[in-house]
Amino acid sequence: QKEVEQDPGPLSVPEGAIVSLNCTYSNSAFQYFMWYRQYSRKGPELLMYTYSSGNKEDGRFTAQVDKSSKYISLFIRDSQPSDSATYLCAMSDSGGYQKVTFGTGTKLQVIP
Amino acid sequence: DSGVTQTPKHLITATGQRVTLRCSPRSGDLSVYWYQQSLDQGLQFLIQYYNGEERAKGNILERFSAQQFPDLHSELNLSSLELGDSALYFCASSSPRRGSSGANVLTFGAGSRLTVL
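A few points on the structure. (Residues numbered from 1 in each chain as written. Chains lettered and ligands numbered in written order. Predicted model: local features only at pLDDT ≥ 70, side-chain atom pairs only at ≥ 80, totals over all residues. Heavy atoms only, no water.)

Either a parallel or an antiparallel arrangement is found when strands of a sheet pair, and the pairing is made through backbone hydrogen bonds. Residue and element names in this part refer to chain A. In space, the 5 strands of this open sheet follow the order 1-3-8-7-6, with antiparallel pairing throughout. With partners counted over all chains shown, the strands left at the sheet margins are strand 1 (4-6) and strand 6 (54-58), one partner each. Across the sheet, the mean angle separating the axes of adjacent strands is 15 degrees when strand polarity is ignored. Here strand 6 runs beside strand 7 (residues 61-66); their pairing, made up of 5 bridges, is antiparallel. By the bridge assignment for strand 7, E57 is matched with T62. (Pairing = 2+ DSSP bridges. Helix = DSSP H or I, 4+ residues; strand = E, 2+ residues; numbered from the N terminus. Axes fitted to C-alpha atoms, helices over the stretch in contact; angles between N-to-C directions.)

With that out of the way, let us pick up the pairing of strand 9 (residues 87-94) of chain B. For a regular strand, the rule is simple: side chains alternate between the two faces of the sheet. All names here are of chain B. By the criterion of burial, strand 9 is predominantly enclosed, with 8 of the 8 residues buried. Pairing between strand 4 (residues 31-38) and strand 9: 7 bridges, direction antiparallel. In the strand pairing of strand 9, W34 is matched with C91. When strand 9 meets strand 11 (residues 112-116), the two strands line up antiparallel, connected through 3 bridges. By the bridge assignment for strand 11, L88 is matched with R113. (Buried < 20%, exposed > 50% of the residue type's maximum accessible area, 1.4 Å probe, protein only.)

Listed as interface residues are 20 residues of chain A and, on the opposing side, 27 residues of chain B. Taken over both partners, the interface formed by chain A and chain B buries close to 2000 Å², and the fraction arising from carbon and sulfur atoms is 58%. Seen at the junction of chain A and chain B, the total is 0 salt bridges. Listing elements by their share of the side of chain A that touches chain B, those giving two or more residues are strand 4 (32-38) and strand 5 (45-51) of chain A. Of all the elements, strand 4 of chain A adds the most residues to the side of chain A that touches chain B, at 4 residues. Of the residues in the side of chain A that touches chain B, the class split is 10 nonpolar, 7 polar and 3 charged. (Contact = heavy atoms within 4.5 Å. Buried area = accessible area lost by both parts, 1.4 Å probe. Salt bridge = Lys/Arg side-chain N within 4 Å of Asp/Glu carboxyl O. Nonpolar A, V, L, I, M, F, W, Y, C, P; charged D, E, K, R; others polar.)

Once that is clear, we can look at the layout of surface pockets. Taken as a whole, the largest pocket encloses approximately 680 Å³ of empty space. As for the largest pocket, its lining consists of 27 residues, of which Q38(A), T86(A), K107(A), Q37(B) and L39(B) are closest to the centre. Of all elements in the fold, only strand 9 (85-92) and strand 11 (106-111) of chain A together with strand 4, strand 9 and strand 11 of chain B reach the threshold of two or more residues within the lining of the largest pocket. Here the lining of the largest pocket takes 4 residues from strand 11 of chain A, the largest share from any one element. Partitioning the lining of the largest pocket into residue classes produces 8 nonpolar, 14 polar and 5 charged. (1 Å grid on protein atoms, 1.4 Å probe; cavity = no way out; pocket = protein on both sides within 12 Å on 5 of 7 lines; lining within 4 Å. Points joined across faces, edges and corners; volume = space filled by probe spheres on them.)

All names here are of chain B. On the basis of which strands lie adjacent, the open sheet formed by 4 strands has the order 1-3-8-7 and antiparallel pairing. Two strands in the sheet have a free side with no partner beyond their single neighbour: strand 1 (5-7) and strand 7 (64-68). Strand-to-strand twist in this sheet, taken as the mean axis angle between neighbours without regard to direction, amounts to 15 degrees. Bridge count between strand 3 (residues 19-24) and strand 8 (residues 74-78): 5 bridges; the pairing is antiparallel. Within strand 8, the residue paired with V19 across the bridge is L78.

As a further point, take the pattern of salt bridges. Residue and element names in this part refer to chain B. Enumeration over the complete set of coordinates arrives at 6 salt bridges over all chains. Of the charged contacts, one joins R22 and E75 as a salt bridge, the two residues approaching to 4.0 Å between their closest N and O atoms. In this pair, R22 is assigned in strand 3 and E75 in strand 8, connecting sequence segments 53 residues apart. Judged by its relative accessible area of 35%, R22 falls in the partly exposed class.

Moving on: the nonpolar core. All names here are of chain A. Judged by nonpolar contacts, the single largest core of 24 residues is most densely connected at W35, I72, L74, Y87 and M91. At the level of elements, strand 3 (19-25), strand 4, strand 5, strand 7, strand 8 (71-76), strand 9 and strand 11 are the ones that each hand at least two residues to this core. Ignoring anything within four residues of it in the chain, the contact list for Y87 reads Q6, L21, Y36, R37, L47, F61, L74, I76, G105, T106 and L108. (Core = buried A, V, L, I, M, F, W, Y, C linked by side-chain atoms within 4.5 Å.)

Structural data, given as structure tokens:
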């Protein structure tokens, strides 16, 4: 079993839709939860991160962490064609220089 | 431009050959990570260096090796290449200062695309 599981998609939605992206994990030591966005032929870039459980909002993006269920989500409101990318969840057991474990990524396409 | 520089961008070689991928981390970052990304495996952690010393090892094959030099740039050496080694190889760097809440925020380069024929 992989430490981090993520539905690879692809996910296709119309512009303006609410998108929900999810990951599950098995390592209860994970404390930091991150979402990266990767455009085609580019390196991943950090979108947002949360520490432990709870929600975090940044514009149209909301990250949720449920440690009791070992489940994290990223919601995108009012999705735009420019949101079309692969979204990777990532986790680590502490900060500093700790190893970061990535999900396989979910490919999202927002159709105008 | 993320500040992490990877060369070469593209590389085509034959089975059995050896290649070297190079990475210059973001200014001020002491830690360098190497990841392999293929279509069916996602982003796989290979190895991490911190200030010249190996810090953590992931699913790195014995045919692969890496090092970080005193100027903090890193090289990933891939030898006895096989068709299955064809992938995108990403380098990332980090510094604890950049994650204000302590998260290990990685900054990725644009990747080196390796094709083994």
